[in-house]
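# Summary of the model geometry
For reference, the chains in residue letters:
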Amino acid sequence: MFTRELTKSPPKLDIGQMSRILVVEDEDLIREMLVLALEAEGYAIATAADGRAALGLLQSGESTLSLRELASGANSGTLNEFPFELVILDLMLPQINGLDICRLLRHQGNPVPILILSAKGSETDRVLGLEVGADDYLTKPFSMRELVARCRALLRRQRFGGLPQLPVLRFKDVTLYPQECRVLVRDQEVNLSPKEFRLLELFMSYTRRVWSREQLLDQVWGADFVGDSKTVDVHIRWLREKLEKDPSHPEYIVTVRGFGYRFG
Ligand code: CA
């Protein structure tokens, strides 16, 4: 059932911790490329070349058994009741098409994230795919890098499914990832202290809003902070050094005379 022996995966990985992905694709070449790309990322891959085989795997829990056997002796307590954490699903398949599989899984209450692959790119197919309960959609031909990135995002979302998603904040050349506590400036990662990060997050959540130093102290340092508003100025200076091309002529964090600061 598994196209590769799982024991060939990097030995450090505990199979109980590896995300298991089912690839459903009838075109051999594409299926093979997907398997290679995803295995290189450390995922455990099972494949099906038609709709019936896919449903069989999804409903039997057979792969869970194989994984359990392979993981015997290892810490396999994390396997859940569903055999896969992600399904990559081609739409045009022999026997049962992708849309029907998707519909059926959702009808049965299976919450596994589904990424649809399709040669059709029209808006109707996209909408239809998402309407029957798919989570994402890629049109062929697609880049493997993009596919891998989307898989990673879907798996991450599933892992933290109960938590609200914080949107990524973007302004000009600055991108802030609230959940990852990361900031990119002109595509370069910059290191911010926790206070600098909170300050930037606040600014980027309300671009062009003018903040007084007291308001910033309240929001970022908390009402019981002991100290004065010079603390704000110092942190603004440090942030500017990390964000601005020319910190003495800032384009992001702008001083508003007599009031305070604004972003943008
Ligand atoms: Ca196909």
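Structure: above.
All figures in this text were calculated on a predicted structure; none of them were measured in a lab.

### Quick word on the pattern of salt bridges
Evaluation of the coordinates by the stated rule reveals 16 salt bridges. A salt bridge links R20 to E85, with the nearest nitrogen and oxygen atoms 2.3 Å apart. Of this pair, R20 sits in strand 1 (residues 20–24) while E85 is found in the loop between helix 3 (62–70) and strand 3 (86–90), placing the two residues 65 residues apart along the sequence. Overall, the relative accessible area of 2% leaves R20 in the buried class. E85 gets classed as buried once you look at its relative accessible area, which sits at 9%. Between K140 and E25 there is a salt bridge whose closest N-O contact spans 3.0 Å. Linking K140 in the loop between strand 5 (136–139) and helix 6 (144–159) with E25 in the loop between strand 1 and helix 1 (28–40), this pair joins segments that are 115 residues apart in sequence. For K140, a relative accessible area of 14% corresponds to the buried category. Several salt bridges converge on common partners, so that one network encompasses E25, E27, D90 and K140.

### Quick look at the sheet that holds strand 6 (residues 169–171)
One open sheet holds the four strands; their spatial order is 6-7-8-9, and the pairing between them is antiparallel. One side of each edge strand has no neighbouring strand; the edge strands of this open sheet are strand 6 and strand 9 (188–190). This sheet shows a mean twist of 20 degrees between the axes of neighbouring strands, independent of strand direction. Of the pairings in the sheet, the one linking strand 8 (residues 182–185) to strand 9 comprises three bridges and is antiparallel in character. Bridge assignment links L184 to a residue of strand 9, and that residue is E189. Most of the contacts of helix 7 (residues 194–205) go to strand 7 (residues 174–177), to which it runs at about 110 degrees, and overall it touches strand 6, strand 7 and strand 8.

So, how was this worked out
- Residues numbered from 1 in each chain as written.
- Predicted model: local features only at pLDDT ≥ 70, side-chain atom pairs only at ≥ 80, totals over all residues.
- Heavy atoms only, no water.
- Salt bridge = Lys/Arg side-chain N within 4 Å of Asp/Glu carboxyl O.
- Helix = DSSP H or I, 4+ residues; strand = E, 2+ residues; numbered from the N terminus.
- Buried < 20%, exposed > 50% of the residue type's maximum accessible area, 1.4 Å probe, protein only.
- Pairing = 2+ DSSP bridges.
- Axes fitted to C-alpha atoms, helices over the stretch in contact; angles between N-to-C directions.
- Contact = heavy atoms within 4.5 Å.

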